[in-house]
Amino acid sequence: MNFHRRILLRLVWLALIAVATGLIKPGGVQAEATPEYKIKAVYLFNIVRFVKWPTNAFSAADSPLVICVLGENPFDTELQKLMSGRLVGGRTVVVKQEATAADARMCQVVFIPASEHANLRLHLATLRNAPVLTIGEIPEFLGDGGVIEFFVQQNKVRFDINKAQADAEGVQLDSQLLSLAHAVREKTGKQEEN
Amino acid sequence: MMNGTMKMNFPGVSAVVAVVAPWKSAASLLALLFAAGIARAATNEIDTDKLAALSFKDLMDVQIPTVYGASKHEQSLTEAPSDVTIVTADEIKKSGYRTLKEVLNSVTGFYTTSDGAYDYVGTRGFNRPGDYGGRILITIDGHRMNDDIFGSAAIGTEALLDVDLIERVEVIRGPGSSLYGNNALLAVINIVTRRGRDFKGGEVSGSFGSYDTYTGRFSYGDRYTNGLEYALSGSYLDSAGNDGVYYPEFAGINHGYAGPYGASRVPGVFASIGYKGFSLEGGFARRTETIPAAYTDVFNDSRGAVTDERAFADLRWQHHFDNDWELTTRVYYDHYNYSGDYPLSQYAYGNPLYPGPITINEDRDDEESLGNEVQISKTLFQQHLVTVGAEYHHDFILDQRNFDAGGPTYLNANNTADTVGAYLQDEYAILHNLILNAGARYDWFSSFGDTVNPRIALIYSPCTNSTFKAIYGQAFRAPNAYELYYVAPGYDVSQQLKPETIHSYELDYDQVLNPHLKLATAVFYYDVNDLISFGLDANGNSTFGNVASATSKGGEIELDGNWAKGWRARLSYTYADARDGATGQRLSNSPEHLAKFNLTAPLWPEKVFANFEILGMSDRTTVQGNGVGSPWLANFTIFSREILSGVELSAGIYNLFDKKYSDPVGSDFAETSVQQNGRSFRVKLTYRF
């Protein structure tokens, strides 16, 4: 039908204009975080204040606390903005984006976003036995050896904690943080609801 | 708003007619007094700096922006048992939308038409000329706005709410009768209003536009630390109307140009007050509009006019008990008054009863109603969110009159009506990522009896970026007072009208492609039965009957992009194949294709934005079966804020390329389609203090 062709032509024309004006340039423009990730960024900001890392987690007494996001960063610049100029446990905070878990072993916090679904097990295996607080949002996160898992319930962000895993990595979680969790796993496979 | 008005005459009846009901002034007063507050958590923009200032405990109560209307409680869009679109106040400003009609025109799958007197909204192939949009339910903060005489969904300047008072519009596609009952056949549109906290001070706004259109508004609202909040707003619209509309059918009179089309005056007030769980909200608006060429054979007579007056008040108490009980209870009042003046020649519809050269035939309708609703929700066994509710609605005045000015009365129907409804809904979180939402509502109408309408939706999110929904639902539109009681010689009283029904099947798939880009797709099949139309009964007389059926099948695809600094682009396409059940012909006023494109570009970060919109649709036919062509309309708006402190300025050009196009109109018009406005502009200034 004539109309089909016209719609198609117009769409192609619009797409061309969009590309020409640099609007749809893959990776060329930065994303704004969705409301969900803005909220999750503030959760991260709150959580790190209730965590103690072993001294060997830092290369020097004045090293910054490094928060790494693996893969695509859903927070956009919100995390940087939140953390800039703040001290956590007397340390400045740096936010980095890393492509591989191996690079992230030197970070104190690693956030694994939903987009890393396919590589989750690999990432967690690589980070195992490093003094790293792993935070994720994929449903199998705790079962695969992550420490804090975000989920959304009735539009509110909630989290479960795998305390056994945190203990194994030498990362201490404050009891206040544990009390705010929806559920805490004390030992592998065992779970307590708050 | 009359259909077939002039076809009637009771020669034997002459009657005394009191023109103005005392209700009119009483209702406006009531509305002013009951200015109202409400109900629904308007989700403010999420600001991380503000959130960071909260305690961890308070942070855990922050909700991700949500839709209220889909399940009668706040939920994320992906969990809603419907395909939902949200239009925010920010988008309305940046796109320069002047009415709810323009907001809905931008929404995937929706389209609107105008006959010069009223605007009509339709979706996915359904927008039958001559109907009043009663297959879509419009609510303000959950309060039903469709009236009980015509069931109209008011979306033009006659709508009660000024668009400046909108916080967000929730467009919930598909059947909604399982929660809302009547009119929620094709969609529910819930408007969430701005509350005291959204104003935090005063606002004055004025605009000037084409056809000598002026608007003015003053609003003030605030929230105090003790929890008391209120908002109060008054607005006025005055338009000289468009006198450049050409009617080829009347080329012999005044060269085919009618007097001003849509010359109107619209005063309106809206207010809300809330304290703890209590809220009171209400509003009033009255539009008087000239209709030089609608529903009549007399052309270019400035006495042709319609007035629509709406008012409501809604008082509610909402309480969250321990153990997660949530109770909402409300009582409400509604007022709708319609009057129409139609100049008729002595040859009106070949009727020789009109003796003089021109007679003014008048309609006077009035609805006054009260209702109450109780709703309880509770989480059971962790995984079930159960909502039960009951509603009672009583029309204590439901009057329709028709008479000639200074002449005989043809119709004086005084009725009342009762409706009782009860509903139950369970949202069962089977797994973290799998939700079953099932519900049903029972309704009893004094006019026809009862009806039960279920909806069931399965919502599956295999990962956070993907959502699948499978939705089945039934819904209905009850015969309205006009269809039930408006009778005339040669017309029989409608006997045993049943509700129109729909069986709807829909599959949705939404995918977050990357942090910038979202894809939403849907396929649907609608089976609509017992459509109410004029037809012939056993006596050979005309009457309303459940005589028609239709189906619509099709699909939708939408790409929505958000980038840093306020870049936004939306592209959508809808295919709908809507056909008459008996003839297999495509429905009239039903475009097979709808395409929309909307782009917002920041010209100066945070302060100046340009918006460009294209709305296209394929050919539609008139009731008589002729095509009206396929308009492609473009709109362009520049919006700025905070260049001067507290000042917002916008300038828009609508129908940028001055496209000439027409919309099909009902069969009670002398013409088959009516030409729409060409290029027009508006400039608007708002100051906050």
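Residues numbered from 1 in each chain as written. Chains lettered and ligands numbered in written order. Predicted model: local features only at pLDDT ≥ 70, side-chain atom pairs only at ≥ 80, totals over all residues. Heavy atoms only, no water.

**Observations regarding the overall build of chain B**
Next, step 1: Scanning chain B for helices and strands turns up eight helices and 31 strands.
Next, step 2: Relative to its 689 residues, chain B shows a buried fraction of 60%.
Next, step 3: Residue pairs in contact within chain B that sit at least 24 positions apart in sequence constitute 64% of those at least 6 positions apart.
Next, step 4: Carbon and sulfur atoms make up 59% of the accessible area of chain B, which amounts to about 25,500 Å² in all. (Helix = DSSP H or I, 4+ residues; strand = E, 2+ residues; numbered from the N terminus. Buried < 20%, exposed > 50% of the residue type's maximum accessible area, 1.4 Å probe, protein only. Contact = heavy atoms within 4.5 Å. Areas by Shrake-Rupley, 256 points an atom, 1.4 Å probe, with all protein chains shown as cover.)

**Looking at the overall build of chain A**
Next, step 1: Summing up its helical and strand segments, chain A has seven helices and 11 strands in all.
Next, step 2: Among the 194 residues that make up chain A, the fraction classed as buried is 53%.

**So, helix α2 (residues 35-47) of chain A**
Since there are 3.6 residues in each turn of an α-helix, residues three or four apart along the chain are aligned in direction.
Next, step 1: If you check α2(A), its first and last C-alpha atoms are 18 Å apart, about what 13 residues at 1.5 Å a residue would give, namely 18 Å.
Next, step 2: With 11 of 13 residues buried, α2(A) is to be regarded as a mostly interior element. (Expected span 1.5 Å × (residues − 1).)

**Let's talk about the sheet that holds strand β7 (residues 187-193) of chain B**
Residues and elements named next belong to chain B.
Next, step 1: Ordered in space as β1-β6-β7-β4-β5, the five strands form an open sheet in which the pairing is mixed. Where the open sheet ends on each side, the last strands, each with one partner, are β1 (84-88) and β5 (143-144).
Next, step 2: Here strand β4 (residues 136-140) runs beside β7; their pairing, made up of five bridges, is parallel. The partner of Leu137 across the bridge, within β7, is Val188. (Pairing = 2+ DSSP bridges.)

**Quick notes on the pairing of strand β15 (residues 358-380) of chain B**
All names here are of chain B.
Next, step 1: Among the 23 residues of β15, 17 are classified as buried, and the element is accordingly described as predominantly covered.
Next, step 2: Here 21 bridges tie strand β14 (residues 325-345) to β15, and the two strands are oriented antiparallel to one another. Looking at the pairing, Val331 lines up with Asn372 of β15.
Next, step 3: The pairing of β15 with strand β16 (residues 384-404) spans 20 bridges and is classified as antiparallel. Each bridged residue has a counterpart across the sheet, and for Gly371 the counterpart in β16 is His393.
Next, step 4: Remark: three residues form the turn of the hairpin made by β15 and β16, two consecutive strands paired antiparallel; Phe381 in that turn has positive phi of roughly 45°.

**Observations concerning helix α5 (residues 120-127) of chain A**
Residues and elements named next belong to chain A.
Next, step 1: Within the span of α5, buried status applies to Leu120, His123, Leu124 and Leu127. Buried residues of α5 fall within an arc of 95° about the axis and therefore sit on the same side. Within α5, the exposed residues directed more than 90 degrees away from the buried face are Arg121 and Leu122.
Next, step 2: Tucked inside the fold, the buried residues of α5 contact β2 (65-70), α4 (101-104), β5 (109-112) and β6 (133-136).
Next, step 3: Just downstream of α5 lies Asn129, where phi reads positive at about 70°. (Arc of directions from axis to C-beta.)

**Considerations on the side chain of Thr451(B)**
Next, step 1: Mapped onto the elements, Thr451(B) comes out in strand β19 (residues 449-463).
Next, step 2: At a separation of 3.1 Å, a polar atom in the side chain of Thr451(B) contacts the side chain of Asn453(B). (Polar contact = N/O pair within 3.5 Å; in protein donor to acceptor, adjacent residues only side chain to side chain.)

**Here's the deal with the nonpolar core**
Next, step 1: If you look at the biggest cluster of nonpolar residues, it comprises 51 residues, and the most contacted ones within it are Trp53(A), Leu133(A), Phe159(A), Leu173(A), Leu177(A) and Phe56(B).
Next, step 2: Among the elements that line this core, the one with the most residues is α2(A), at eight residues. (Core = buried A, V, L, I, M, F, W, Y, C linked by side-chain atoms within 4.5 Å.)

**Focus: the pairing of strand β11 (residues 264-275) of chain B**
Residue and element names in this part refer to chain B.
Next, step 1: The pairing of strand β10 (residues 229-239) with β11 spans 11 bridges and is classified as antiparallel. Opposite Leu232, over in β11, you have Ala271 as the bridge partner.
Next, step 2: Sheet analysis places β11 next to strand β12 (residues 278-290), joined by 10 bridges and oriented antiparallel. Residue Ile273 lies in a different strand from β12, and its bridge partner there is Leu280.
Next, step 3: Linkage of β11 to β12, two consecutive antiparallel strands, is achieved through a turn of two residues, within which Lys276 is found at a positive phi near 50°.

**Quick word on the packing of aromatic side chains**
Next, step 1: Taken as a whole, this structure holds 28 aromatic pairs over all chains when the rule is applied.
Next, step 2: Consider the rings of Phe445(B) and Phe476(B), whose centres lie 5.8 Å apart with planes at 90°: the pair is edge-to-face. With Phe445(B) in strand β18 (residues 434-445) and Phe476(B) in strand β20 (residues 466-477), this pair connects stretches of sequence that are 31 residues apart. No difference in accessibility class separates Phe445(B) from Phe476(B), as the two residues are buried.
Next, step 3: Geometrically, the ring pair formed by Tyr482(B) and Phe544(B) is edge-to-face, given 5.7 Å between the ring centres and 70° between the ring planes. You can see Tyr482(B) sitting in helix α8 (residues 481-485) and its partner Phe544(B) sitting in strand β23 (residues 542-562), a full 62 residues away along the chain.
Next, step 4: Judged by its relative accessible area of 3%, Tyr482(B) is buried.
Next, step 5: For Phe544(B), a relative accessible area of 9% puts it in the buried group.
Next, step 6: Linked through ring pairs, Tyr37(A), Tyr43(A), Phe50(A), Phe75(A), Phe111(A), Phe150(A), Phe159(A) and Phe56(B) together constitute an aromatic cluster. (Phe/Tyr/Trp six-rings, centres within 6.5 Å; stacked < 30°, edge-to-face > 60°.)

**Quick word on the environment of Asp62(A)**
Residues and elements named next belong to chain A.
Next, step 1: Residue placement: Asp62 occurs in the loop between β1 (51-52) and β2.
Next, step 2: Relative accessible area serves as the criterion here: at 68%, Asp62 is assigned to the exposed category.
Next, step 3: In the structure, Asp62 is positioned 11 residues away from Asn73 in sequence and 27 Å away in space, judged by C-alpha atoms.

**What about the environment of Gly340(B)?**
All names here are of chain B.
Next, step 1: Relative to the assigned elements, Gly340 resides in strand β14.
Next, step 2: Residues Gly340 and Gly304 lie 36 residues apart in sequence; the distance between their C-alpha atoms is 7.7 Å.
Next, step 3: Excluding residues within four positions of it along the chain, Gly340 makes contact with Ala305, Val306, Asn361, Glu362, Asp363 and Arg364.

**With respect to unusual backbone geometry**
Residue and element names in this part refer to chain B.
Next, step 1: A positive phi angle, near 50°, is found at Asp212, a position not held by glycine.
Next, step 2: Inspection of the secondary structure assignment puts Asp212 in the loop between β8 (201-209) and β9 (213-223).
Next, step 3: Of note, the phi angle at Glu606 is positive, near 70°, even though the residue is not glycine.
Next, step 4: Turning to its location among the elements, Glu606 is positioned in the loop between β25 (593-604) and β26 (608-617).
Next, step 5: The exposure class assigned to Glu606 is exposed, which follows from its relative accessible area of 57%.

**Considering the state of the cysteines**
All names here are of chain A.
Next, step 1: Scanning all chains against the criterion turns up one disulfide over all chains.
Next, step 2: Sulfur-sulfur distance for the disulfide between Cys68 and Cys107 comes to 1.9 Å. An S-S torsion of about -80° defines the bridge between Cys68 and Cys107 as left-handed. Of this pair, Cys68 sits in strand β2 while Cys107 sits in the loop between α4 and β5, and the two are 39 residues apart along the sequence. Taken individually, Cys68 and Cys107 each receive the classification buried, so the pair is uniform in this respect. (Disulfide = S-S within 2.5 Å.)

**Details of the pattern of salt bridges**
All names here are of chain B.
Next, step 1: All told, the structure shown has 47 salt bridges over all chains when counted by the stated rule.
Next, step 2: Close ionic contact of Arg641 with Asp90 constitutes a salt bridge, the shortest N to O distance being 3.0 Å. With Arg641 in strand β27 (residues 632-641) and Asp90 in helix α4 (residues 89-95), this pair connects stretches of sequence that are 551 residues apart.
Next, step 3: On the accessibility criterion, Arg641 (21% relative accessible area) is partly exposed.
Next, step 4: Residue classification places Asp90 among the partly exposed residues on the basis of a relative accessible area of 24%.
Next, step 5: Among the salt bridges present, the one from Asp658 reaches Lys660, with a minimum N-O distance of 3.9 Å.
Next, step 6: Residue classification places Asp658 among the partly exposed residues on the basis of a relative accessible area of 28%.
Next, step 7: Connected through salt bridges with shared partners, the residues Lys93, Asp164, Arg194, Glu203, Arg217, Glu648, Lys684 and Arg688 form a single ionic network. (Salt bridge = Lys/Arg side-chain N within 4 Å of Asp/Glu carboxyl O.)

Fair warning: the whole summary comes from geometry, so function is off the table for now.
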